[in-house]
Amino acid sequence: MSAVPLETGLLLAIILFVIGLIGLLVRRNIIFMLMSIEIMLNAAGLAFVLGSARWIQADGQVMFIFILAMAAAEVSVGLALILRIYNTFKTLDSDSINEMKG
Amino acid sequence: MVVGGWLFVNLRIFEKKNMTLVFHIAAIVAIVSTVLVITQTNAVHALLYLVVSLLSVAVIFFVLGAHFVAALEVIIYAGAIMVLFIFVVMMLNINTESSKKEEKLITPAMWVGPGILTLILLGEFIFVLASGSNQIFRTQEVTPKQVGLSLFNTYLIGVELAGMLLMAGIIGAYHLGKEKKKPAHRFFKGEAE
């Protein structure tokens, strides 16, 4: 089929992961923080699929499916929490949510 | 239509010649759109850029010969999860005012600290990668059949655990998202709790 350099693919996965990490550290809006976590999960999945393609084994793709399921569960709970936080505090700024009294 | 058909035919010839270029173009699109995701102030724009990023990663999966996973990426990530995000953003009433408020939250100085630290990490990764030879391998399709056999034989316990995790996610999301019942009249105030 096609020829792909392994290290370039890994580099792409790492760059995407680092961009997600920067976003997570810099942004204070909770929605953007959740999106950055999605970017990082996707980058990890990319690394797994790259390994799967390199050694022609299905295991990497299986791991990607698990990451997908985990991301879906995490996003559903995270978004429910965001809605709850917005209803309670009327803001999405994570710095202003410093009184978690339940 | 004609232009689309012409492009399609030419792409098929091109595809056989060289998929590596497709990989590099998709990689650049992924990086640019991901950078745009974390720099946007409007949540909807950021989400749309995130969809572009996920689609370009799906293209990379396709080039790598992981066709099944590429389809999953488009359907579940770019489809289901992003729709969930967009619905929540719609429920939060994001408007231009909140976008301006968001602009105030991020000052250019905030990018310096995390930026330097994570770029140091990136530099270390690049150093580690550069010490190996950039080996070029020919991709071969890992068929969905292989993936399914591995998933339901070797990783069967993982599938069951993922099922339990999704169940817990559903229940948790339902419990958190449930609005508190308001009593119909102050007379019933004690009963609703």
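Since we're looking at a predicted model, the values are computed, not measured. Within any chain, residue numbers begin from 1 and follow the written order of that chain's sequence. Whichever chain is written first becomes A and whichever ligand is written first becomes 1, with later ones labelled in order. Only residues with pLDDT of at least 70 get local features here, since the model is predicted, and only at 80 or more are side-chain atom pairs given and counted; chain-wide, interface and lining totals rely on the full set of residues. Based on all heavy atoms of the structure, the side-chain values leave hydrogens and waters out of the count.

**Considering empty space enclosed by the protein**
Part 1: Put simply, the grid is 1 Å and covers the protein atoms alone, a cavity is a trapped set of points that fit a 1.4 Å probe, a pocket is an open set with protein on both sides within 12 Å along at least five of seven lines, and lining residues have an atom within 4 Å of a point. Grid points are joined across faces, edges and corners, and a volume is the space filled by probe spheres set on the points. Per the counting criterion, the structure on display carries one cavity of 30 Å³ or more.
Part 2: What lines the largest cavity is simply A:Leu16, A:Glu38, A:Ile39, A:Asn42, B:Thr34, B:Leu50, B:Ser53, B:Leu54, B:Tyr77 and B:Met82.
Part 3: The numbering of helices and of strands both runs from the N terminus, where a helix is a DSSP run of H or I of at least 4 residues and a strand a run of E of at least 2. When contributions to the lining of the largest cavity are tallied by element, the ones reaching two or more residues are helix 2 (30-54) of chain A together with helix 3 (43-63) and helix 4 (67-91) of chain B.
Part 4: Gly falls in the polar group here, along with every residue not listed as nonpolar (Ala, Val, Leu, Ile, Met, Phe, Trp, Tyr, Cys, Pro) or charged (Asp, Glu, Lys, Arg). Looking at the lining of the largest cavity residue by residue, the classes come out as six nonpolar, three polar and one charged.

**Considering the side chain of A:Ser76**
Part 1: Here A:Ser76 is to be found in helix 3 (residues 59-89).
Part 2: Between N or O atoms, a polar contact is any pair within 3.5 Å; within protein, one atom must be a potential hydrogen donor and the other a potential acceptor, and residues adjacent in sequence are included only when both atoms are from side chains. For A:Ser76, the side chain forms a polar contact with the main-chain oxygen of A:Ala73, separated by 2.8 Å.
Part 3: By definition in these notes, contact holds between two residues if any of their heavy atoms fall within 4.5 Å. Residues within four places of A:Ser76 in sequence aside, it is in contact with B:Leu84, B:Gly169 and B:Ala173.

**As for the packing of aromatic side chains**
Part 1: By convention, a stacked pair of Phe, Tyr or Trp rings (six-membered ring in the case of Trp) has centres within 6.5 Å and planes under 30 degrees apart, an edge-to-face pair has planes over 60 apart, and any other such pair is tilted. On inspection of all chains with the given rule, the structure shows two aromatic pairs over all chains.
Part 2: Geometrically, the ring pair formed by A:Phe64 and B:Phe61 is edge-to-face, given 5.1 Å between the ring centres and 80° between the ring planes. Residue A:Phe64 is located in helix 3, and its partner B:Phe61 is located in helix 3; the two belong to separate chains.
Part 3: Think of it in three bands: residues with accessible area under 20% of the maximum for their type are buried, residues over 50% are exposed, and the middle band is partly exposed, with areas taken using a 1.4 Å probe on protein chains only. Of the residues examined, A:Phe64 reaches a relative accessible area of 0% and is grouped as buried.
Part 4: Among the residues examined, B:Phe61 registers a relative accessible area of 0% and is labelled buried.
Part 5: Between the aromatic rings of A:Phe66 and B:Tyr155, the centroid separation amounts to 6.3 Å while the plane-to-plane angle is 75°, which identifies the pairing as edge-to-face. Of the two residues, A:Phe66 sits in helix 3 while B:Tyr155 sits in the loop between helix 7 (144-153) and helix 8 (156-177), which places them in two different chains. Per residue, the accessibility class of A:Phe66 equals that of B:Tyr155, and both read buried.
Part 6: Definition used: whenever NZ (Lys) or CZ (Arg) falls within 6 Å of the ring centre and also within 35 degrees of the ring normal, the charge is taken to sit over that ring. It is A:Arg27 that lies over the ring of A:Phe32; its NZ or CZ is 3.9 Å from the centre.

**Considerations on the pattern of salt bridges**
Residue and element names in this part refer to chain A.
Part 1: A side-chain nitrogen of Lys or Arg and a carboxyl oxygen of Asp or Glu constitute a salt bridge if their distance falls within 4 Å. Evaluation of the coordinates by the stated rule reveals one salt bridge over all chains.
Part 2: When the shortest N-O distance is used, the salt bridge between Asp 93 and Arg 28 registers 3.2 Å. Of this pair, Asp 93 sits in the segment after helix 3 while Arg 28 sits in the loop between helix 1 (6-26) and helix 2; the two residues are 65 residues apart in sequence, bridging distant segments of the chain.
Part 3: With a relative accessible area of 12%, Asp 93 lands in the buried category.
Part 4: Given a relative accessible area of 22%, Arg 28 falls into the partly exposed group.

**Quick look at the nonpolar core**
Part 1: As used here, the term nonpolar core means buried Ala, Val, Leu, Ile, Met, Phe, Trp, Tyr and Cys residues forming a set that is joined through side-chain atoms within 4.5 Å. The biggest cluster of nonpolar side chains holds 77 residues, and the ones touching the most others in it are A:Met35 and B:Phe85.
Part 2: Mapped onto this core, the elements with two or more residues apiece are helix 1, helix 2 and helix 3 of chain A together with helix 2 (20-39), helix 3, helix 4, helix 6 (112-131) and helix 7 of chain B.
Part 3: Sorting elements by how many residues they give to this core places helix 3 of chain A first, with 13 residues.
Part 4: If sequence neighbours within four positions are ignored, A:Met35 has contacts with B:Val37, B:Ala43, B:Ala46, B:Leu47, B:Leu50 and B:Phe85.

**Description of a nonpolar patch on the surface**
Residue and element names in this part refer to chain B.
Part 1: To count toward a patch, a residue needs a relative accessible area over 30% and no salt bridge; like charges are then connected within 9 Å, while nonpolar side chains (Val, Leu, Ile, Met, Phe, Trp, Tyr) are connected within 5 Å. Using a 1.4 Å probe, the Shrake-Rupley method yields the accessible areas, and only the shown protein chains count as cover for residues. On the surface, a nonpolar cluster with roughly 300 Å² of combined accessible area is contributed by Leu 21, Ile 25, Val 29 and Val 52.
Part 2: Looking at the nonpolar patch element by element, the count peaks at three residues for helix 2.
Part 3: Mapped onto the secondary structure, Ile 25 falls in helix 2.

**Side note on the interface of chain A and chain B**
Part 1: Across the boundary between the two partners, chain A contributes 69 residues, which contact 81 residues of chain B.
Part 2: In this structure, the connection of chain A to chain B is made through zero salt bridges.
Part 3: Looking at the side of chain A that touches chain B, the elements that each hand over two or more residues are strand 1 (3-5), helix 1, helix 2 and helix 3 of chain A.
Part 4: Tallying contributions element by element places helix 3 of chain A first for the side of chain A that touches chain B, with 23 residues.
Part 5: Its residues assigned to classes, the side of chain A that touches chain B comprises 49 nonpolar, 12 polar and eight charged.
Part 6: Inspection of the sheet shows strand 1 of chain A paired to strand 1 (residues 136-138) of chain B by three bridges, in the antiparallel sense. Residue pairing for strand 1 of chain B: A:Val4 is matched across the bridge by B:Phe137. A pair of strands is labelled paired if DSSP reports no fewer than 2 bridges between them.

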